[in-house]
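Structural overview
Below, each chain spelled out in residue letters.
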Amino acid sequence: MASNGQSTKPPPNPSPLRSAKFFQANMRILVTGGAGFIGSHLVDRLMQNEKNEVIVADNYFTGSKDNLKQWIGHPRFELIRHDVTEPLLVEVDQIYHLACPASPIFYKYNPVKTIKTNVMGTLNMLGLAKRVGARILLTSTSEVYGDPLVHPQTEDYWGNVNPIGVRSCYDEGKRVAETLMFDYHRQHGIEIRIARIFNTYGPRMNIDDGRVVSNFIAQAIRDEPLTVQLPGTQTRSFCYVSDMVDGLIRLMEGNDTGPINIGNPGEFTMLELAENVKELINPDVKIITVENTPDDPRQRKPDITKAKELLGWEPKIKLRDGLPFMEEDFRQRLGVPKKA
Ligand SMILES: NC(=O)c1ccc[n+]([C@@H]2O[C@H](COP(=O)([O-])OP(=O)(O)OC[C@H]3O[C@@H](n4cnc5c(N)ncnc54)[C@H](O)[C@@H]3O)[C@@H](O)[C@H]2O)c1
Ligand SMILES: O=c1ccn([C@@H]2O[C@H](COP(=O)(O)OP(=O)(O)O[C@H]3OC[C@@H](O)[C@H](O)[C@H]3O)[C@@H](O)[C@H]2O)c(=O)[nH]1
């Protein structure tokens, strides 16, 4: 029975290859998009369990082998250059399906490819889950709520999304991906999990990723003005990556299909974020305002009641505690030590 009370078919039989000796010893987990920011932190956590074998499939559009360098060559780890818009034939027990560019700059760069990644990529991974009887988790997004008219956002809110805007390749793409997940669940009995991830930050974000936290930290370290996009009063709620990974694993291992919001309810305007970065990282830096892009959501904050009740999860790391960890990582990669 799905969490929403709908009855489903029983799950398909596992692939016969799963009764091979190898599978009895290990849980084999596929992470698509595992070379990216959240994916590589998830891989680190999964690899800590000696019973897990991890396969990463990534096309390196926004991810990098560098994020996984500590695991390359490890006997329980495999890295495949693969685009999820093409089918993938592997034998696995679980699929964490993250593959998709997440920064607005990158997902808008080739919107047709972004929607293909969300739709064909998710179809391919669901097809794989069906063939081998694997459980599959989709990393959906708070962007399914669009420019929300309900605040904070609860999972039963259907959203306020522009279907033909420049962000639609991503937000409508993820909405279709969620639909596909539930249709495969109802029609084929696939075990699904859907996480609606809210803005996440932390070490290993691309320095030129274009998202706000990485932009402000890189700008503060480089002594460049912090670029607050107008009006500056728009809000976001930022979750530190280790909390996010913890939530994703709890969701995968738990009994609820979701969708479940995973995010930190601490809400900040972009001006407040800039002021925090300035104070913590470089008090001499200027804050300037610049033009915004179309359809930028004006407010965003997760209601995490469901995550608390169903997963026993809530974030532990506050923004002001997480920013210094990210600063340290960015300083190392940019080669700019902290001034004495
Ligand atoms: N970071 C956030 O704030 C956030 C918020 C909501 C949802 N999400 C979701 O979480 C997931 C990971 O986000 P992230 O922040 O780590 O982004 P990221 O860009 O760092 O990682 C995405 C990874 O997917 C890979 N990829 C992209 N298209 C692919 C394709 N067609 N085939 C194979 N690999 C492909 C990229 O190379 C990259 O390694 C995404 O699905 C994103 O939509 C992230
Ligand atoms: O330099 C900048 C960049 C961004 N911003 C503002 O910061 C806010 C957040 O922008 P980001 O680009 O970091 O990310 P967004 O919140 O728009 O989207 C994100 O949200 C959910 C996820 O699915 C995605 O990973 C990501 O698209 C926006 O209001 C934007 O206008 C700035 O003020 N300055």
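In what follows, the structure referred to is the one given above.
Below, the structure is looked at part by part. No experiment lies behind these values; they were computed from the predicted model shown.

The next thing to look at is the overall build of the chain. Helix and strand content of the chain: 10 helices and 13 strands. Computed over C-alpha atoms, the radius of gyration of the chain comes to 20 Å, within 12% of the 20 Å expected from 2.2 N^0.38 for 340 residues, which places it in the range of a compact globule. Dimensions of the chain along its principal axes, counting C-alpha atoms only, are 65 × 45 × 40 Å. For the chain, long-range pairs separated by at least 24 residues make up 82% of all intrachain contacts whose partners lie at least 6 apart in sequence. Here the chain displays about 15,200 Å² of accessible surface, and carbon together with sulfur accounts for 53% of that area. The average position of the 41 basic charges and that of the 42 acidic charges among the side chains of the chain differ by 3 Å.

Of all 11 residues in helix 2 (residues 37-47), 10 are buried, a share of seventy percent or more. Along helix 2, the residues that are buried comprise Phe37, Ile38, Gly39, Ser40, His41, Leu42, Val43, Asp44, Leu46 and Met47.

Before going further, it helps to examine the packing of aromatic side chains. Each aromatic ring pair is characterised by the separation of its centres together with the angle its planes make. The final tally for this structure, using the stated rule, is seven aromatic pairs. Through a chain of ring-to-ring contacts, three or more aromatic side chains come together here, namely Phe61, Phe106 and Tyr109.

What follows deals with the pairing of strand 5 (residues 135-141). Most of strand 5 sits out of view: seven of its seven residues are buried. The two faces of strand 5 match: Arg135, Leu137, Thr139 and Thr141 on one face and Ile136, Leu138 and Ser140 on the other face are all buried. Bridging between strand 5 and strand 6 (residues 192-197) involves six bridges; their strand directions are parallel. Bridge pairing in strand 6 places Leu137 opposite Arg193. Taken together, strand 5, helix 5 (residues 168-188) and strand 6 form a β-α-β motif whose crossover is right-handed.

This next bit is on the site of ligand 1. The environment of ligand 1 is formed by 29 residues, the closest being Ile38, Asp58, Thr62, Leu98 and Tyr170. Take Gly36: an N or O atom from its main chain is 3.0 Å from an oxygen atom of ligand 1. At 3.0 Å from a nitrogen atom of ligand 1 is found a main-chain nitrogen or oxygen belonging to Val84. For ligand 1, the accessible surface in isolation is 820 Å², of which the surrounding protein chains cover 97%. Among the secondary structure elements, those contributing two or more residues to the shell around ligand 1 are helix 2, strand 5 and helix 5. For the shell around ligand 1, the element with the highest residue contribution is strand 5, accounting for three residues.

Attention shifts here to the packing of helix 4 (residues 111-132) against helix 5. Running from N to C, helix 4 and helix 5 point in directions that differ by 15 degrees, and their axes come no closer than 9 Å. Classed by the angle they form, the pair helix 4 and helix 5 counts as roughly parallel. For the crossing formed where helix 4 meets helix 5, the hand is right-handed. Where helix 4 abuts helix 5, its residues Pro111, Thr114, Ile115, Asn118, Val119, Thr122, Leu123, Leu126, Gly127 and Lys130 lie against Cys169, Tyr170, Gly173, Lys174, Val176, Ala177, Leu180, Met181, Tyr184 and His188. Of the residues that constitute the contact of helix 4 with helix 5, the class distribution is 12 nonpolar, six polar and two charged.

On to the nonpolar core, then. One finds Val31, Val43, Tyr96 and Tyr201 to be the most contacted residues of the largest nonpolar core, which totals 58 residues. With seven residues, helix 7 (residues 241-253) is the largest single contributor of residues to this core. Counting contributing residues, this core receives three or more from each of domain 1 (16-200 + 240-262) and domain 2 (212-236 + 266-300 + 317-333). For Val43, the contacting residues outside a window of four places in its chain are Val31, Gly34, Val54, Val56, Leu68, Trp71 and Phe77. Listed in part, the 25 residues of the second largest apolar core include Ala57, Val92, Leu126 and Tyr184.

Another aspect to go through is the packing of helix 6 (residues 212-221) against helix 10 (residues 319-334). Their axes nearest at 10 Å, the elements helix 6 and helix 10 cross at an angle of 60 degrees. Of the possible angle classes, the one that applies to helix 6 and helix 10 is oblique. Handedness of the crossing formed by helix 6 with helix 10: right-handed. Of the residues in helix 10, those in contact with Val213, Ser214, Ile217, Ala218 and Ile221 of helix 6 are Leu323, Met326, Glu327, Phe330, Arg331 and Leu334. When grouped by side-chain class, the residues that make up the contact of helix 6 with helix 10 number eight nonpolar, one polar and two charged.

Let's shift gears to the pattern of salt bridges. Scanning all chains against the criterion turns up 20 salt bridges. Note that Glu53 is salt-bridged to Arg28, the shortest N-O span being 3.3 Å. Placement of the pair is Glu53 in strand 2 (residues 52-58) and Arg28 in strand 1 (residues 27-32), with a sequence separation of 25 residues. You'll find Glu53 and Arg28 in the same group, each marked buried. A salt bridge links Lys69 to Asp66; its shortest N-O distance comes to 3.9 Å. Judged by its relative accessible area of 57%, Lys69 is exposed. Overlapping salt bridges, with partners in common, bring together Glu143, Arg167, Arg236 and Asp296 in one network.

Here is what the cut-offs are and how they apply
Residues numbered from 1 in each chain as written. Chains lettered and ligands numbered in written order. Predicted model: local features only at pLDDT ≥ 70, side-chain atom pairs only at ≥ 80, totals over all residues. Heavy atoms only, no water. Helix = DSSP H or I, 4+ residues; strand = E, 2+ residues; numbered from the N terminus. Rg over C-alpha atoms; globule rule 2.2 N^0.38 Å. Contact = heavy atoms within 4.5 Å. Areas by Shrake-Rupley, 256 points an atom, 1.4 Å probe, with all protein chains shown as cover. Lys, Arg positive; Asp, Glu negative; His and termini not counted. Charge placed at Lys NZ, Arg CZ, Asp CG, Glu CD. Buried < 20%, exposed > 50% of the residue type's maximum accessible area, 1.4 Å probe, protein only. Phe/Tyr/Trp six-rings, centres within 6.5 Å; stacked < 30°, edge-to-face > 60°. Pairing = 2+ DSSP bridges. Right-handed = clockwise from strand over helix to strand, strands pointing away. Near = heavy atom within 4 Å. Polar contact = N/O pair within 3.5 Å; in protein donor to acceptor, adjacent residues only side chain to side chain. Axes fitted to C-alpha atoms, helices over the stretch in contact; angles between N-to-C directions. Parallel < 35°, antiparallel > 145°, perpendicular 65-115°, else oblique. Left-handed = near helix turned anticlockwise from the far one by under 90°. Nonpolar A, V, L, I, M, F, W, Y, C, P; charged D, E, K, R; others polar. Core = buried A, V, L, I, M, F, W, Y, C linked by side-chain atoms within 4.5 Å. Domains from an automatic or database assignment. Salt bridge = Lys/Arg side-chain N within 4 Å of Asp/Glu carboxyl O.

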